[in-house]
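Chain by chain, the residues:
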Amino acid sequence: MPCAGHHRGVNTPVSPSTIAPPAANYSHAVLAVGPERLLHTSGVVPIDPDGSVPEGLAQQAEVVWQNLGAILSEAGMATTDVVSMTTYVVQGQELGPVMAVRDRVMAGHRAASTLVVLPALARPEWLVEIALVAAR
């Protein structure tokens, strides 16, 4: 799993060993190096490093943000480098807990943000998924 310090070209996959591997054939994120460093994550889901999925939206949002934090760190970035994020929440869920976790983690940093409510995610136990773009 290449990290930010071991580039094999302009676009480098970022998949920290401290979080569960991707659920299919994709990278957790791709770091693009040019005049600025640009990181695009895949949709990050609420899977703990041991493969478990917590119950409840607030707990799942915490795991998603822990995973996003690990990806940012692996790429040599922080939440202050986040440019935009897209949050997907399963229909019928209370949005407040997801927004509260995001606001706490972002600690006042205001990135562009899109919130999408949809009938379901790729696995029925997932209630939230977040993708982001960061630049440094």
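Anything mentioned here points back to the structure above.
Small disclaimer: the values here were computed from a predicted structure and weren't measured.

Enquirer: In this structure, what is going on with helix 2 (residues 96-106)? I would like to understand it.
Expert: One full turn of an α-helix is made of 3.6 residues, so residues set three or four places apart face in the same direction. For helix 2, every residue scored as buried is listed here: Val98, Val101 and Met106. Projected down its long axis, helix 2 shows its buried positions confined to an angular sector of 120°, all on one face. Tucked into the core, helix 2 has its buried residues touching helix 1 (57-74), strand 4 (82-90) and strand 6 (128-135). Backbone geometry just downstream of helix 2 places alanine 107 in the positive-phi region, at approximately 45°.

Enquirer: Would you take a moment to explain the pairing of strand 3 (residues 37-41) for this structure?
Expert: Note on strand geometry: in a regular strand, side chains alternate between the two faces of the sheet. Strand direction decides the pairing type here: strand 2 (residues 29-33) and strand 3, joined by five bridges, are antiparallel. Residue pairing in the sheet places alanine 29 in a bridge with threonine 41 of strand 3. Of the strand pairs in this sheet, strand 3 and strand 6 are connected by three bridges, and their pairing is antiparallel. Residue pairing for strand 6: leucine 38 is matched across the bridge by alanine 135.

Enquirer: Help me understand the pattern of salt bridges, please; the structure alone is not making it clear to me.
Expert: Oppositely charged side chains may form a pair once their charged atoms are brought near each other. Per the counting criterion, the structure on display carries four salt bridges. With a shortest N-O distance of 3.2 Å, aspartate 81 and arginine 136 are connected by a salt bridge. One end of the pair, aspartate 81, is in the loop between helix 1 and strand 4; the other, arginine 136, is in the segment after strand 6, and 55 residues separate them in sequence. When its relative accessible area of 10% is taken as the criterion, aspartate 81 is described as buried. For aspartate 103, the salt bridge identified is with arginine 102, shortest N-O distance 2.9 Å. Owing to a relative accessible area of 44%, aspartate 103 belongs among the partly exposed residues under this scheme.

Enquirer: Honestly, a nonpolar patch on the surface in this entry has me stumped. Any pointers?
Expert: Among the surface-exposed residues, Met99, Leu115 and Val117 lie close enough to one another that they form a single nonpolar patch of about 240 Å² accessible area. Relative to the helices and strands, valine 117 resides in strand 5 (residues 112-118).

Here is what the cut-offs are and how they apply
Residues numbered from 1 in each chain as written. Predicted model: local features only at pLDDT ≥ 70, side-chain atom pairs only at ≥ 80, totals over all residues. Heavy atoms only, no water. Buried < 20%, exposed > 50% of the residue type's maximum accessible area, 1.4 Å probe, protein only. Helix = DSSP H or I, 4+ residues; strand = E, 2+ residues; numbered from the N terminus. Arc of directions from axis to C-beta. Contact = heavy atoms within 4.5 Å. Pairing = 2+ DSSP bridges. Salt bridge = Lys/Arg side-chain N within 4 Å of Asp/Glu carboxyl O. Patch = residues over 30% accessible without salt bridge, like charges linked within 9 Å, V, L, I, M, F, W, Y side chains within 5 Å. Areas by Shrake-Rupley, 256 points an atom, 1.4 Å probe, with all protein chains shown as cover.

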